[in-house]
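As a plain string of letters, each chain reads:
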Amino acid sequence: MKKSRLILLLLILITGVVDAQTADHVLAKNRAFTGAKATLKSYHAIYQLDNNDPKIIEKAIRNVNNALTDPRLAGKVQIELVAFSGGTDAYLNGGKYADELRALAEKGVILAQCNNTLKERKISRDQLYDFIAVVPSGNGELIIRQAEGWAIIKP
Amino acid sequence: MKKSRLILLLLILITGVVDAQTADHVLAKNRAFTGAKATLKSYHAIYQLDNNDPKIIEKAIRNVNNALTDPRLAGKVQIELVAFSGGTDAYLNGGKYADELRALAEKGVILAQCNNTLKERKISRDQLYDFIAVVPSGNGELIIRQAEGWAIIKP
Amino acid sequence: MKKSRLILLLLILITGVVDAQTADHVLAKNRAFTGAKATLKSYHAIYQLDNNDPKIIEKAIRNVNNALTDPRLAGKVQIELVAFSGGTDAYLNGGKYADELRALAEKGVILAQCNNTLKERKISRDQLYDFIAVVPSGNGELIIRQAEGWAIIKP
């Protein structure tokens, strides 16, 4: 039956065209996305700094600044930067991040150090910049903050 | 008092046996666990891609596909893959991830690029695959999504 | 007008002093911070172990123990350690983490392995410690736990 074959062929072609159009539509729709909307009055994030690689420390500081200046969040985001494990190196007095860390603290970012790491590595509080806070544990801080609705971000 | 000594000894032995049984029970109970139950109607996750290591990029794509096909979540999970910092390399036109990224977009995964990174690295939007969305900042995107109840996952 | 100039100069000086005092106050306030308060009855965290680097595996085990012993969380935190991708190596029978993992399980930590990774790497369940649970996918587990209010932490 030539006629039914022709109809089948047409159906296959149409389906293919529709599929391609749907895919094109999905891709175009993705391109048109401009980001989630910040409809709440305030936002909170805790950054986990547990690595002494200078690239990671610098990325963490850059990330925090990017969050603070995101036009959607500017003026309504509270951030904490908690250091533990190798990340503690960033807070050691005499290091190269003094100016950037002080600038973050002056912008209201909480800078906190894990006390467990201080004990494990036999670092006294005096060896840190004098504006750093000490919290019982970095991991506990992450868990409690998450339960308060804060985002946990690991640079 | 021999009798009381004997009783003490018996108590110690029993306690030891009970302890061992309790430990065995806890281990057997852990083995029997089959995963958290997905009782909600929908789930959301944003994947953070901030590294240009091909192993990390490939892991991110694999992770997203694993989440989409987890029998507990299939058909009810919305995913966004946001690239910033080194992760931007994955979205550069002419790279080797075109097919896999297009397939993700066609499955409804939102593919978003941080605009701050584009500015810092002087990359124009034209240099990305044409189906990639641009958002003000990757970090802002993570924070807003978390506040909306999305999981943040860093591969 | 000399007088107005003088007033202007004074204003600038006063503003500078006030700014410096405000900055000092902010820094002192940060130093005085002692950590978030754990006001809830229970807390939950899922640790993501997706790397076979011994330093990361050891950090993961240390992190979990630090969370369990944080004085704010002791006795009221439930933890799950989910392994996938390279992290699976930590659970392979005959490895060097048997004692530490068994100790975690005995403390009530859920130890779970991603089934997708087992299939991809052709690892049978028998090759894992016999007290390890198997879940459909590590990524699905993270997403479902987050929706249940658990913190996701990547060591």
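Quick note: structure is the one above.
Below you will find a few notes about this structure.

About the cut-offs
Position labels on residues start from 1 in each chain and follow its written sequence. Throughout, the order in which chains and ligands are written sets their labels, letters from A for the former and numbers from 1 for the latter. Side-chain atom pairs in this predicted model are given and counted only at pLDDT of 80 or more, local residue features only at pLDDT of at least 70, and totals for whole chains, interfaces and linings cover all residues. Side-chain metrics rest on all non-hydrogen atoms present in the structure, leaving aside hydrogens and water. Strands were regarded as paired on the criterion that DSSP finds at least two bridges between them. Strands here mean DSSP runs of E at least two residues long; helices mean DSSP runs of H or I at least four residues long; both are numbered from the N terminus. Here an angle of 0 to 180 degrees is reported between the N-to-C directions of two axes, which are lines fitted to C-alpha atoms, with helices fitted over the stretch in contact. Any two residues having at least one pair of non-hydrogen atoms within 4.5 Å are treated as being in contact. N or O atoms within 3.5 Å of each other form a polar contact, as long as, within protein, one can give a hydrogen and the other can take it, and as long as residues adjacent in sequence are counted only when both atoms are side-chain atoms. The copies are overlaid by a least-squares fit using only the C-alpha atoms of residues whose pLDDT is at least 70 in both copies. Note on definitions: buried area is the accessible-area loss of two parts on being combined, 1.4 Å probe, summed for both. Basic side-chain nitrogens of Lys or Arg form a salt bridge, by our definition, when they fall within 4 Å of a carboxyl oxygen of Asp or Glu. Any residue outside Ala, Val, Leu, Ile, Met, Phe, Trp, Tyr, Cys, Pro, Asp, Glu, Lys and Arg is labelled polar, Gly included; the first ten of those are nonpolar and the last four are charged. In this text, buried Ala, Val, Leu, Ile, Met, Phe, Trp, Tyr and Cys residues form a nonpolar core when linked through side-chain atoms within 4.5 Å. Partly exposed residues are those whose accessible area sits between 20% and 50% of the maximum for their type, while under 20% is buried and over 50% is exposed, using a 1.4 Å probe and protein chains only.

Quick look at the sheet that holds strand β3 (residues 110-114) of chain C
Across the sheet, which stays open at both edges, the 5 strands sit in the order β4-β3-β2-β1-β5 (chain C) with parallel pairing between neighbours. The sheet terminates laterally at β4 (133-135) and β5 (151-153) of chain C, the two strands that pair on one side only. Going from strand to strand, the sheet's axes swing by 30 degrees on average, the running direction of each strand aside. Each of β1 (43-49), β2 (77-83) and β5 of chain C is contacted by helix α5 (residues 138-147) of chain A, which is oriented at about 120 degrees to β1(C), the strand it contacts most.

A short note on the side chain of A:Gln48
Residue position: A:Gln48 is located in strand β1 (residues 43-49). A polar contact of 3.1 Å, which involves the side chain of A:Gln48, links it to the side chain of A:Asp50.

Digging into the relation of the copies chain A and chain B
Taken together, a rotation about one axis and a shift along it account for how the two chain copies relate. The transform that puts chain A on chain B rotates by 120 degrees and translates by 0.1 Å along the axis, for an RMSD of 0.1 Å. Viewed as a symmetry operation, the transformation between the two copies matches a three-fold axis. Interface overlap between copies is the fraction of interface residues in one copy that are interface residues in the other; for chain A against chain B it is only 9%, indicating separate surfaces.

Considerations on the interface of chain C and chain A
With 34 residues of chain C at the interface, the matching set in chain A holds 34 residues. Summed over both partners, the interface of chain C with chain A comes to about 2,600 Å²; 57% of that surface belongs to carbon and sulfur atoms. For the interface between chain C and chain A, the tally reads 2 salt bridges. At the junction of chain C with chain A, the criterion picks out 14 residue pairs in polar contact (both at pLDDT 80 or more). Here the residues of the side of chain C that touches chain A sort into 19 nonpolar, 8 polar and 7 charged.

Considering the nonpolar core
Membership of the largest hydrophobic core comes to 51 residues, with the highest contact counts inside it found for A:Ile143, C:Tyr47, C:Ile79, C:Leu81, C:Tyr91, C:Leu101 and C:Leu111. Elements with a minimum of two residues in this core: β3 (110-114), β4 (133-135) and α5 of chain A together with β1, α2 (54-69), β2, α3 (98-106) and β5 of chain C. When residues in this core are grouped by element, the largest group, 7 residues, is from α2(C). Sequence-distant contacts of A:Ile143, defined by excluding residues within four places in its chain, comprise C:Tyr43, C:His44, C:Ala45, C:Tyr47, C:Ala67, C:Leu73, C:Val77, C:Ala151 and C:Ile153.

Quick word on the relation of the copies chain C and chain A
When chain C is fitted to chain A, the best match, at an RMSD of 0.3 Å, comes from turning it 119 degrees and sliding it 0.0 Å along the axis. Both copies present different contact surfaces, since only 9% of the interface residues of chain C are interface residues in chain A too.

No statement about biological role is implied by the geometric values presented.
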